[in-house]
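A closer look at the structure
What follows is each chain in one-letter form.
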Amino acid sequence: METSIDCILDRLEQSSMFHLSLGSKELFHSNFLYWLNIIDRDAFMSVMHRLAKVEKFWWEDLFSKDNVEVRRESRNFDLSIYVRTCIEKCLEGEKRKVETWIPVLVLENKIKSLPHHDQLQEYTAKAFNEWRQKKRNDQLATLWKEQPISFILLSLFIPEGFPANCCHTHKYGKNKKKLQVEATWKKNSYADLHKFLSVIRIGEEESLNQKILCDYCQFVKALNELSVNDWQINENDSFVDKIYPWAIKGYTGDRQVQLRIDDIRQKVHYAQLKSLLEKGLRANGMQIMEAPFKKNSPDGLYYGTNFSHNIGIIEIAVKHGEESLFIQLQGNSYAHAFSLADNKDAAKRLLERKNDMEPLFDFEEKNKDSDSEERTTTKYPHILKTRVLYPQGMNTQATKKERKLRCFKYFGQGFVYQNVLIPKEVTIREVILAMVEDAKNCLKINIIKQ
């Protein structure tokens, strides 16, 4: 396997398109499709047909090329197509023609990050509200069936079972009538993009444009092969070996780090961890919502992934009013945390609720006479196979800042936490089971009904 991965990395390393893409990993691919539209409109449309899973778009025969515009990074859409329409409207007692541009295709491209259903919902609503301009409300339902927007999701990695259906409720009139609009994002991988691009020709074999296209195809193919052959995780894999090898003594990175694609690899890893965590939480009957949550979000259990300081994060948050409990995993650091909204004094509140919180936190300032001694704890699931809190001594910085808990770490004033480090022998499955077990404890503490 190592040899085949090295061969894939060799192809990436030799690709001009790959190195040019590193400055803006997602935008680069949208720009490439935009460039294809400029160089060869027919080739571009052929690719769009295949990505949208249609033989022809309804608007192609209705609008001349002058009235069709391909846009990039417009209205936060990675790539979009708009058409210019002209309707008659009564203005100041006269019938006048009013011109407007409406979206007919929206493409969301994910390579450095992963698709989020909430974002697709937001883009569906935004695109519909542009599309409906200058149209009569009582005609919208019919027009949406006959002349809808095509939505395309292009992603290096799409989690299994990812929901591609979106709904938007349009309210109109004095009585706030409701129109339910549904849209389906057509899911495509970069393997699909390679397949669709590899069959088109935009010049002679030795022409510069065709060489650029071939190089890009090879680059996309290699990246997809990496995601399939090297970036898939197995529940029995060592968590440290697979997810965070930086915890291994002497590890300084591999070729993928050198090629600056480790961030993409981590995000693919964490998308799979998120899927495993979701299954575990649901299997235990928990009602869950996707993070992040806001101050006015409903109480409950949230879960999600993030990326900070070049390290992936997966977390569970149990919100109860202005208080939140977190189970947060970043790298090989597994943390229990307590947070208060508006950056209020979390340590003070935590002490007030000490009796409630003791199942999750260690309040006793052990080893007061020697900050270098090891601090042990029993507050973490036994399946993690560790009993050592980090740092091993007391938090002397907390004392200097006159904070109340020396056995905790602080992130600002509103977030306090304790953490252990995941040993090398712990598997991915065991980490997920530990997070599920801790989620149960958090729910008991906050008395949130499921």
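In case you missed it, the structure is sitting above this.
Now for a description of the structure that goes with this document. The structure presented is a predicted model; accordingly, all values stated were derived computationally and were not measured. (Residues numbered from 1 in each chain as written. Predicted model: local features only at pLDDT ≥ 70, side-chain atom pairs only at ≥ 80, totals over all residues. Heavy atoms only, no water.)

1. Considerations on the overall build of the chain
- Each helix and strand counted, the chain has 15 helices and 13 strands in total.
- Seen through its C-alpha atoms, the chain measures out along the principal axes to roughly 85 × 65 × 40 Å.
- Considering the chain as a whole, with its 450 residues, one finds that 50% of them fall into the buried category.
- Residue pairs at least 24 apart in sequence account for 62% of intrachain contacts in the chain once pairs closer than 6 positions are excluded.
- Accessible surface computed for the chain: about 22,600 Å², of which carbon and sulfur atoms make up 46%.
- For the chain, the separation between the mean place of its 68 positive charges and that of its 62 negative charges on side chains is 6 Å. (Helix = DSSP H or I, 4+ residues; strand = E, 2+ residues; numbered from the N terminus. Buried < 20%, exposed > 50% of the residue type's maximum accessible area, 1.4 Å probe, protein only. Contact = heavy atoms within 4.5 Å. Areas by Shrake-Rupley, 256 points an atom, 1.4 Å probe, with all protein chains shown as cover. Lys, Arg positive; Asp, Glu negative; His and termini not counted. Charge placed at Lys NZ, Arg CZ, Asp CG, Glu CD.)

2. Notes on unusual backbone geometry
- Following Ala291, the chain continues to Pro292 via a peptide bond in cis, the omega torsion being 5°.
- The backbone phi angle of Lys53 is positive, close to 60°, even though this residue is not glycine.
- Examined against the element boundaries, Lys53 turns out to sit in the loop between α4 (41-52) and β1 (68-74).
- A positive phi is found at His309, a non-glycine position, where the angle reads about 55°.
- Following the sequence through the fold, His309 ends up in the loop between β8 (300-308) and β9 (311-320).

3. As for helix α7 (residues 190-198)
- Along α7, the residues that are buried comprise Tyr190, Leu193, His194, Phe196 and Leu197.
- Measuring from the backbone nitrogen of Ala191 back to the side-chain oxygen at the start of α7 gives 3.2 Å, which picks out Ser189 as the cap. (Polar contact = N/O pair within 3.5 Å; in protein donor to acceptor, adjacent residues only side chain to side chain.)

4. A closer look at the nonpolar core
- Met48, Leu197 and Tyr216 are the most contacted members of the largest nonpolar core, which has 79 residues in total.
- Per-element tally for this core: the top contributor is helix α8 (residues 208-229), with eight residues.
- Ignoring sequence-local partners within four residues, the contact set of Tyr216 consists of Met17, Phe28, His29, Phe32, Tyr190, Leu193 and Leu197.
- Counting residues in hydrophobic clusters, the runner-up holds 50 residues, among them Phe239, Ile243, Ile288 and Ile383. (Core = buried A, V, L, I, M, F, W, Y, C linked by side-chain atoms within 4.5 Å.)

5. Concerning the packing of aromatic side chains
- Scanning all chains against the criterion turns up 23 aromatic pairs.
- Ring centres of Trp58 and Phe63 lie 6.4 Å apart, and the angle between their planes is 70°; on these two criteria the pair is classed as edge-to-face.
- For Trp58, a relative accessible area of 21% translates into the label partly exposed.
- Classification of Phe63 as buried rests on a relative accessible area of 18%.
- Across from the ring centre of Phe77, 5.9 Å away, lies the NZ or CZ of Lys126, which sits over that ring.
- Positioned over the ring face of Trp131 is Lys135, at 4.4 Å from the centre of the ring. (Phe/Tyr/Trp six-rings, centres within 6.5 Å; stacked < 30°, edge-to-face > 60°. Lys NZ or Arg CZ within 6 Å of the ring centre and 35° of its normal.)

6. Side note on the sheet that holds β8
- Strands sit in the order β7-β8-β9-β10-β11-β13-β12 across an open sheet of seven strands; the sheet is mixed. At either end of the open sheet lies a strand with only one pairing partner, and these are β7 (288-290) and β12 (409-410).
- Of the pairings in the sheet, the one linking strand β10 (residues 323-330) to strand β11 (residues 333-340) comprises eight bridges and is antiparallel in character. Bridging from a neighbouring strand, Gln330 pairs with Ser333 of β11.
- Docked against the sheet, helix α15 (residues 428-446) engages β8, β9, β10 and β11, running at close to 170° with respect to β10. (Pairing = 2+ DSSP bridges. Axes fitted to C-alpha atoms, helices over the stretch in contact; angles between N-to-C directions.)

7. Brief notes about the packing of α4 against α7
- Packing of α4 against α7 leaves a shortest axis separation of 9 Å and a crossing angle of 145°. Both α4 and α7 take part in a crossing whose hand is right-handed. Of the residues in α7, those touching α4 at Val47, Arg50 and Leu51 are Leu193, Phe196 and Leu197.
- Partitioned by chemical class, the residues of the contact of α4 with α7 number five nonpolar, no polar and one charged. (Left-handed = near helix turned anticlockwise from the far one by under 90°. Nonpolar A, V, L, I, M, F, W, Y, C, P; charged D, E, K, R; others polar.)

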